[in-house]
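Residue-level structural notes
Letter by letter, the chains look like this.
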Amino acid sequence: MSSDRQEFRKYFDVLELSTDATLREIKESYNFLKGLYSGESIATMSAEGDISPEKRAEILEQVEEAYTKVLVLFKGEILEQDQSVLDYIAGIEQFDGQTMQVIREKMGVQLPDVSKATRVLLQHLENIEADNYAALPVPVYTRGFVAAYAKHLLLDADRVTRDFMKRFAVARQDNL
Amino acid sequence: MIVLENKSCEIWAVGGGKGGIGKSFIISSIGITLARQGKKVILVDADLGGANLHTFLGLGRPKVTLTDFFDKKSTLPELITETGIPNLGLLTGALNSLSIDSIKHAQKRKLFHHIKDLDADFVLIDLGAGTHFNTLDSFLLADKMVAVIVPEMISIENMYFFLKNVFFRKLMAALAEEGLKDMVTTVWNNRHEHSIENRSQLIKFLQGESEQCAAVINRELAQFTIHLLLNKSRSGQDITVGNAAKSVCKKYFDFDARYIGHVDYDEMVSNSINKRQPYLLSYPTSKSARDIEKIVKVLLHG
């Protein structure tokens with residue numbers, strides 16, 4: 001693991017962590033940096049003249065990339081901790097809101113904490129879990145929310161959003 | 001810039017650019033904490049305009065000051081005032097007769113040499129507010145540079161400005177040493193052609209201009225470590241400002257900043273000053289006193 005981690009050093013640097021950071025620290029730092037550079041803080045506003053909006057967007061992209069890369073290191077570790085989560089995920093053919101809820105509960109994660117960490121409204125997360133497609137916003141937002149939630153559960157965000165958005169599209173079609 | 005060798009004591013300088021953010025409180029408290037751990041400490045009040053570190057130690061204005069070092073050729077050890085706290089001495093700036101600008105480079109160099117030679121484990125320098133070159137040079141002299149902020153926008157803005165000035169001064173000295181001064185001057189004089197509007201852009205441009213320049217800049221950036229301390233925090237929200245400012249220092253300015261901790265606001269601080277009692281002696285078990293202890297630990301070992 002340690003030699004693996006050295007290769008990821010630049011990503012740990014972006015997340016402002018040492019290479020021995022724990023998963024919890026990584027998540028915390030990611031959420032903190034994302035909030036800092038996408039929102040307004042007195043620390044960033046005080047340096048507004050020094051930075052262009054483009055540079056800020058670039059920082060956010062780097063943070064996002066670093067988080068995604070670093071999480072790979074933990075895939076095995078997290079799943080080893082809880083074989084039942086691993087088994088459950090392995091058996092999933094199609095992800096939907098309900099499967100995400102089951103995974104979340106197996107991991108012992110509270111939905112309000114997901115909301116806090118991902119900055120997605122609790123109401124949207126509840127609608128995702130309930131597969132309440134009619135109550136969710138337009139696809140571009142919903143896709144982002146599902147991806148953020150999936151990432152938070154350390155799932156393959158691409159696969160989860162693909163599955164979820166397929167159902168979402170079908171459900172919306174039927175309603176027309 | 002002045003480079004010194006033969007270190008004998010460790011020098012920590014506390015600056016921050018803005019007045020009223022508690023630099024003197026922080027440095028006197030760090031000094032007392034170290035002294036109580038048995039370390040020999042000398043506080044240097046380099047706030048040449050408005051020295052008042054003695055007030056934080058419950059002392060009157062010292063009879064001897066650094067003026068005597070320049071005027072009367074006194075030695076530094078002769079000018080150290082006892083503070084009544086074992087292991088803790090005070091060297092005060094308070095230059096009455098001498099205007100700050102009249103200290104010549106050679107004199108300053110001599111002063112810095114003598115500070116390094118003081119018989120102490122730690123010398124803590126309290127810098128005044130502002131970005132006068134004397135302040136910047138004293139900051140650069142230190143083994144550890146501590147920048148104090150409070151959770152207010154102006155303080156953070158001033159801290160960035162202060163650090164950019166300090167780094168720029170350090171960098172220009174380093175580039176001059178490598179014989180690159182003319183190149184910098186030429187680029188700056190033709191800055192409009194290169195669309196350079198500020199120092200950060202100048203540095204960026206120089207990095208791309210020559211490999212030698214880039215090497216010096218990268219070396220100086222790598223050696224520029226800042227310890228950020230957040231004073232007067234009143235909430236958890238305030239405390240995160242320290243981490244946010246650290247992140248901005250890294251991501252916007254490439255400075256190696258470290259957040260060494262926060263000290264909670266305590267109204268008893270000003271009470272203690274008015275009673276001429278060092279806060280740390282009156283309230284040694286307070287939350288803020290424990291905050292200071294943690295910070296000292298980080299500075300010693302971190």
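Preceding block: the structure.
This text gives an overview of the structure that appears in the document. Treat the numbers as computed from the prediction; the structure is a model and nothing was measured.

**Quick word on the packing of aromatic side chains**
All told, the structure shown has 15 aromatic pairs over all chains when counted by the stated rule. Here the aromatic rings of tyrosine 160 of chain B and phenylalanine 253 of chain B are separated by 5.4 Å at their centres, their planes lie at 55 degrees, and the arrangement is tilted. A residue pair is termed long-range when its members are at least 10 positions apart, and tyrosine 160 of chain B in helix H7 (residues 153-177) and phenylalanine 253 of chain B in helix H11 (residues 236-253) qualify at 93 residues. Here tyrosine 160 of chain B and phenylalanine 253 of chain B have matching classes, each one buried. An aromatic cluster of three or more residues is present, and its members are Tyr37 of chain A together with Tyr160, Phe167, Phe224, Tyr252, Phe253 and Phe255 of chain B. Against the face of phenylalanine 69 of chain B rests lysine 110 of chain B, its NZ or CZ located 5.0 Å from the ring centre. Over the face of the ring belonging to tyrosine 265 of chain B we find arginine 234 of chain B, whose NZ or CZ atom lies 3.9 Å from the ring centre.

**Digging into the side chain of histidine 54 of chain B**
The topology assignment puts histidine 54 of chain B in helix H2 (residues 53-56). Each residue touching histidine 54 of chain B, except ones within four places of it in the same chain, is listed here: Leu59, Gly60, Arg61, Pro62, Leu90 and Thr92 of chain B.

**Digging into the sheet that holds strand E2 (residues 41-45) of chain B**
Residue and element names in this part refer to chain B. With mixed pairing, eight strands are arranged side by side in an open sheet as E3-E4-E2-E5-E1-E6-E7-E8. The outermost strands of the open sheet, each flanked by one partner alone, are strand E3 (81-82) and strand E8 (256-264). Summarising the sheet, strand E1 (residues 10-15) and strand E5 (residues 122-126) pair through five bridges and their orientation is parallel. In the strand pairing of E5, glutamate 10 is matched with phenylalanine 122. Where H11 meets the sheet, its contacts fall on strand E6 (144-149), strand E7 (225-233) and E8, and the angle it forms with E7 comes to roughly 155 degrees.

**With respect to the interface of chain B and chain A**
Listed by partner, the interface residues are 20 residues for chain B and 20 residues for chain A. Between chain B and chain A lies a buried interface of about 1,500 Å² when both sides are counted; carbon and sulfur atoms form 65% of it. Looking at the side of chain B facing chain A, the largest losses of area belong to Met153, Lys251 and Tyr252 of chain B, adding up to 46% of the total buried there. Where chain B packs against chain A, one counts three salt bridges. Inspection of the chain B/chain A interface yields eight residue pairs in polar contact (both at pLDDT 80 or more). Only H7 and H11 of chain B provide two or more residues apiece to the side of chain B that touches chain A. Broken down by element, the residue count for the side of chain B that touches chain A peaks at twelve residues, all from H11 of chain B. Its residues assigned to classes, the side of chain B that touches chain A shows ten nonpolar, four polar and six charged.

The rules behind each value
- Residues numbered from 1 in each chain as written.
- Chains lettered and ligands numbered in written order.
- Predicted model: local features only at pLDDT ≥ 70, side-chain atom pairs only at ≥ 80, totals over all residues.
- Heavy atoms only, no water.
- Phe/Tyr/Trp six-rings, centres within 6.5 Å; stacked < 30°, edge-to-face > 60°.
- Helix = DSSP H or I, 4+ residues; strand = E, 2+ residues; numbered from the N terminus.
- Buried < 20%, exposed > 50% of the residue type's maximum accessible area, 1.4 Å probe, protein only.
- Lys NZ or Arg CZ within 6 Å of the ring centre and 35° of its normal.
- Contact = heavy atoms within 4.5 Å.
- Pairing = 2+ DSSP bridges.
- Axes fitted to C-alpha atoms, helices over the stretch in contact; angles between N-to-C directions.
- Buried area = accessible area lost by both parts, 1.4 Å probe.
- Salt bridge = Lys/Arg side-chain N within 4 Å of Asp/Glu carboxyl O.
- Polar contact = N/O pair within 3.5 Å; in protein donor to acceptor, adjacent residues only side chain to side chain.
- Nonpolar A, V, L, I, M, F, W, Y, C, P; charged D, E, K, R; others polar.

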